[in-house]
Amino acid sequence: MAYETILTETHGRVRLLRLHRPDALNALSVQLITDLNAALDEAEAAQDIACIVLTGSDKAFAAGADVKEMQGKSYLDAYLGDFVASWERITQMRKPVVAAVAGFALGGGCELAMMCDFILAADTARFGQPEIKLGIMPGAGGSQRLTRLVGKSKAMEMCLTGRMMDAAEAERAGLVSRVIPAAELVAEAIRVAQLIAGMSLPAVMMTKECVNQAYETSLSEGIRFERRLFYATFATPDQKEGMQAFIEKRPPAFGNR
Ligand code: DAK
């Protein structure tokens, strides 16, 4: 399906979603979030897709929510209209979503990247929560997710000053999993996503659930949750196939069941 503000490509079992508002540094307008959610729904439902890559342009992953759209809103417009509540869709994805970030990832753009399962950053990437400079504050999880990822001191400094961090600092701080030369970013993200898509899909989905559980619960509850799902993998044909293939010294042929 074609979207106004999202370009899509399919690479084997990987769906690439590219934010596409080139005139506005991919500012996250209502239309863009609506398109993104529809593209995510489509990828989640597609039997032949196992992993999603979300990226932007060379200059910007996304420079934040659309300031021009937000500027005139009143409190009641925002509150009664449940303004941008639909941003959470990406966090409900059961298939993994990899963010491939080049250029600016600011405000809602940084928040959107942090909602993905992990971030691969180009060496040109710049992350920030500059809302304070607009007289507002992060509104899509920035104060919470950034703090969990990089710790209180750096998150507090970033949110209170609006300073940006470059890719090297983001990697040191644990915000991104790896830094990649910009020219290779999307190809590398697709390669990593294809690697994930070649694993057993139920095992991938259960693993994602478990890692995310670490943010929601105590260590002992999280370990109990992990053990339950670990046992559950023994109910799948893919567990038999994966272990049999290891013993026979051949690659596994997972049926995603
Ligand atoms: N919104 C709208 N337009 C934007 C934009 C944005 N966030 N960022 C850039 N643009 C537009 C510019 O206005 C300009 O348009 P024209 O003037 O050409 O028409 C074009 O993109 C190119 O931008 P610049 O000319 O400014 O480009 P530069 O390279 O000089 O500067 C920049 C790049 C990224 C440093 C600069 O554009 C900038 O500072 N942008 C604004 C960054 C920002 O403040 N972002 C945070 C926005 S607040 C919530 C969910 C989300 C949010 C809140 C609540 N809920 C779920 C409740 C999120 C809030 C935000 O993100």
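Our structure is the block above this text.
What counts, and where the lines are drawn
Residues numbered from 1 in each chain as written. Predicted model: local features only at pLDDT ≥ 70, side-chain atom pairs only at ≥ 80, totals over all residues. Heavy atoms only, no water. Helix = DSSP H or I, 4+ residues; strand = E, 2+ residues; numbered from the N terminus. Rg over C-alpha atoms; globule rule 2.2 N^0.38 Å. Buried < 20%, exposed > 50% of the residue type's maximum accessible area, 1.4 Å probe, protein only. Contact = heavy atoms within 4.5 Å. Pairing = 2+ DSSP bridges. Axes fitted to C-alpha atoms, helices over the stretch in contact; angles between N-to-C directions. Salt bridge = Lys/Arg side-chain N within 4 Å of Asp/Glu carboxyl O. Right-handed = clockwise from strand over helix to strand, strands pointing away.

A. Spotlight on the overall build of the protein chain. A tally of regular secondary structure across the protein chain gives 11 helices and 10 strands. Its C-alpha radius of gyration of 19 Å places the protein chain within 12% of the 18 Å reference for a compact globule of 257 residues. With respect to the principal axes defined by its C-alpha atoms, the protein chain has extents near 60 × 45 × 40 Å. Here the protein chain holds 257 residues, and the buried ones make up 43% of them. A separation threshold of at least 6 residues defines the contact pool for the protein chain, and within that pool the share at least 24 residues apart is 65%.

B. View of the sheet that holds strand E5 (residues 97–101). Pairing is mixed in the open sheet, where six strands are placed in the order E1-E2-E3-E5-E7-E10. Looking at which strands have only one partner, the edges of the open sheet turn out to be strand E1 (6–11) and strand E10 (178–180). Across this sheet, the average inter-strand angle for adjacent strands is 25°, counted without regard to direction. Relative to strand E2 (residues 14–19), E1 runs antiparallel, the two sharing six bridges. Within the sheet, the bridge partner assigned to His-11 lies in E2 and is Val-14.

C. Representation of the pattern of salt bridges in the model. Counted under the stated rule, the structure contains 12 salt bridges. A salt bridge links Glu-188 to Arg-191, with the nearest nitrogen and oxygen atoms 2.9 Å apart. A residue pair is termed a helical-turn pair when its members lie 3 or 4 positions apart in one helix, as Glu-188 and Arg-191 do in helix H8 (residues 185–197) at three residues. We classify Arg-191 as partly exposed; its relative accessible area is 43%. Across the salt bridge formed by Glu-248 and Arg-250, the nearest N and O atoms sit 2.7 Å from each other. The exposure class assigned to Arg-250 is partly exposed, which follows from its relative accessible area of 29%. What emerges from the salt-bridge pattern is a single network uniting Lys-154, Glu-157, Arg-163 and Glu-169.

D. Expanded view of the pairing of strand E3 (residues 51–55). In terms of residue burial, E3 counts as a mostly covered element, since five of its five residues are buried. Side chains Cys-51, Val-53 and Thr-55 of E3 all project onto a buried face; the interleaved residues Ile-52 and Leu-54 project onto the opposite face, where all are buried too. The pairing of E2 with E3 spans five bridges and is parallel. Residue Arg-15 lies in a different strand from E3, and its bridge partner there is Ile-52. For the segment spanning E2, helix H1 (residues 30–45) and E3, crossover handedness is right-handed. Pairing geometry for E3 and E5, over four bridges, is parallel. Across the sheet, the residue bridging to Thr-55 is Ala-100, located in E5.

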